[in-house]
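# Secondary and tertiary structure notes
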Amino acid sequence: MASSNSKSTNETARKIFKILLTNPRITVSWVKAHAGNIGNERADQLAKDATQHGQPYSLIKLPKPHIKGLLRKSMLEEWQTSWKNGDTGRKIYNIMPSVSLRPTNWIREDIIFFSQHGPFPAYLKRFHLSDSDFCSCGGIGTALHYATECIYTVSWHMRKPAPNFEQEWLKRVANNLVSRREIRGIIKFMSENRYLFLDSLNRFPSLQLPSELN
């Protein structure tokens, strides 16, 4: 094949040869035509469609930054559509509805709190890991409960929002580094002092504490 011939003078073949040379993992092999090979048959069909309905090939060379910009825009649009119409991660979507290539600088504790997938009785009961959604202090064990009213996390409490402002409250907390530090303190405290939540832990043996701490 011309593309694998280092002595070929064909410009397209030379470009393909350079690509193969710099990417040793890519291999090229001959495939018999019209032998039922799905990929080959599809390529033939696309080639025929291109000759009948395709646009004339343009030799205009676009600058690489321009091409990268077009690809980035297309990628972000596709990502945004997928994120908007998805059926998972909706709690994070409500806080961050727009996708971005810029890092959020969230750490593990932030993700646990805002996704509410963590050591919260309400979450554990939802997935049948506990028979109760109550915190050992008597309140419903949601992430918001520990951030605003649980007696065990009072050192990190923030003002509790009205029920119709909870989503806006979460957005403000997520975008405020000082508030996120409070959240991180709560999650770390819960992880390091699980005995305070013993009443809830007794309901799902897989999370039992060592016997010496009982």
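Note that the structure is predicted; figures quoted are calculated from it, not measured.

## Here's the deal with a nonpolar patch on the surface
Side chains of Ile60, Leu62, Ile67, Leu70 and Leu71 sit close together on the surface and give an oily, nonpolar patch of about 490 Å² of accessible area. Within the secondary structure, Leu70 is located in helix H3 (residues 64–85).

## Observations concerning the packing of aromatic side chains
By the definition in use, this model includes six aromatic pairs. Considering the side-chain rings of Trp156 and Phe189, the 5.1 Å spacing of their centres and the 45 degrees angle between planes classify their relative orientation as tilted. In this pair, Trp156 is assigned in the loop between helix H7 (143–148) and helix H8 (166–174) and Phe189 in helix H9 (residues 177–192), connecting sequence segments 33 residues apart. When its relative accessible area of 18% is taken as the criterion, Phe189 is described as buried.

## Quick word on the packing of helix H5 (residues 108–115) against H9
Close contact between H5 and H9 brings their axes to 9 Å; oriented N to C, the two are set at 90 degrees. Considering their axes alone, H5 and H9 lie roughly perpendicular with respect to each other. Residues Glu109, Asp110, Ile112, Phe113 and Phe114 of H5 touch H9, and the partners they reach there are Arg180, Ile183, Arg184, Ile187 and Lys188. Here the contact of H5 with H9 is built from residues that sort into five nonpolar, no polar and five charged.

## Comments concerning the pattern of salt bridges
As enumerated under the stated definition, the model contains four salt bridges in all. Among the salt bridges present, the one from Glu168 reaches Lys171, with a minimum N-O distance of 3.8 Å. Taken as a pair, Glu168 and Lys171 lie in helix H8 at a separation of three residues, close to a single helical turn. Judged by relative accessible area, Lys171 falls into the partly exposed class, the value being 25%.

## As for the layout of surface pockets
Computed from the structure, the largest pocket encloses a volume of approximately 300 Å³. What lines the largest pocket is simply Trp79, Trp83, Ile95, Met96, Ser98, Val99, Ser100, Arg102, Pro103, Thr104 and Asn175. Of the residues assigned to the lining of the largest pocket, the class counts are six nonpolar, four polar and one charged.

## A word on the side chain of Thr148
One can find Thr148 in helix H7. Judged by relative accessible area, Thr148 falls into the buried class, the value being 10%. When neighbours within four sequence positions are excluded, Thr148 is seen to be in contact with His157, Met158, Arg159, Lys160, Pro161 and Trp169.

## Quick look at the confidence of the model for the chain
Low-confidence regions, as indicated by low pLDDT, have predicted coordinates that should not be scrutinised in detail. Chain-level statistics for the chain give a pLDDT mean of 83 and a share of 86% at 70 or above. Across the chain, the element-wise mean pLDDT spans from 51 in helix H10 (residues 198–201) up to 96 in H7. Counting contacts from residues 200–214, a segment whose pLDDT is below 50, to residues more than four positions away or on other chains yields 24 contacts.

## As for unusual backbone geometry
Even without being a glycine, Gln116 presents a positive backbone phi close to 60 degrees. Here Gln116 is to be found in the loop between H5 and helix H6 (121–126). With relative accessibility at 25%, the residue Gln116 sits in the partly exposed group.

## Digging into H5
The element H5 is largely enclosed, with a buried count of six among its eight residues. Taken residue by residue, H5 has Glu109, Asp110, Ile112, Phe113, Phe114 and Ser115 as its buried positions. Looking at the buried positions of H5, the neighbouring elements they touch are helix H4 (90–95), H7, H8 and H9. At the C-terminal side of H5, Gln116 shows a positive phi close to 60 degrees.

## What about the environment of Asp110?
Along the chain, the position of Asp110 falls in helix H5. A relative accessible area of 0% means that Asp110 is categorised as buried. Asp110 has contacts with Asn105, Arg180 and Arg184, leaving out every residue within four places of it along the chain.

## Some details on the environment of Ile140
Mapping Ile140 onto the fold places it in the loop between H6 and H7. For the pair Ile140 and Cys150, spaced ten residues apart in sequence, the C-alpha separation works out to 9.3 Å. Contact partners of Ile140, with chain neighbours within four places excluded, come to Asp133, Phe134, Cys135 and His145.

What counts, and at which threshold
- Residues numbered from 1 in each chain as written.
- Predicted model: local features only at pLDDT ≥ 70, side-chain atom pairs only at ≥ 80, totals over all residues.
- Heavy atoms only, no water.
- Patch = residues over 30% accessible without salt bridge, like charges linked within 9 Å, V, L, I, M, F, W, Y side chains within 5 Å.
- Areas by Shrake-Rupley, 256 points an atom, 1.4 Å probe, with all protein chains shown as cover.
- Salt bridge = Lys/Arg side-chain N within 4 Å of Asp/Glu carboxyl O.
- Helix = DSSP H or I, 4+ residues; strand = E, 2+ residues; numbered from the N terminus.
- Phe/Tyr/Trp six-rings, centres within 6.5 Å; stacked < 30°, edge-to-face > 60°.
- Buried < 20%, exposed > 50% of the residue type's maximum accessible area, 1.4 Å probe, protein only.
- Axes fitted to C-alpha atoms, helices over the stretch in contact; angles between N-to-C directions.
- Parallel < 35°, antiparallel > 145°, perpendicular 65-115°, else oblique.
- Contact = heavy atoms within 4.5 Å.
- Nonpolar A, V, L, I, M, F, W, Y, C, P; charged D, E, K, R; others polar.
- 1 Å grid on protein atoms, 1.4 Å probe; cavity = no way out; pocket = protein on both sides within 12 Å on 5 of 7 lines; lining within 4 Å.
- Points joined across faces, edges and corners; volume = space filled by probe spheres on them.
- pLDDT = per-residue confidence, 0-100.

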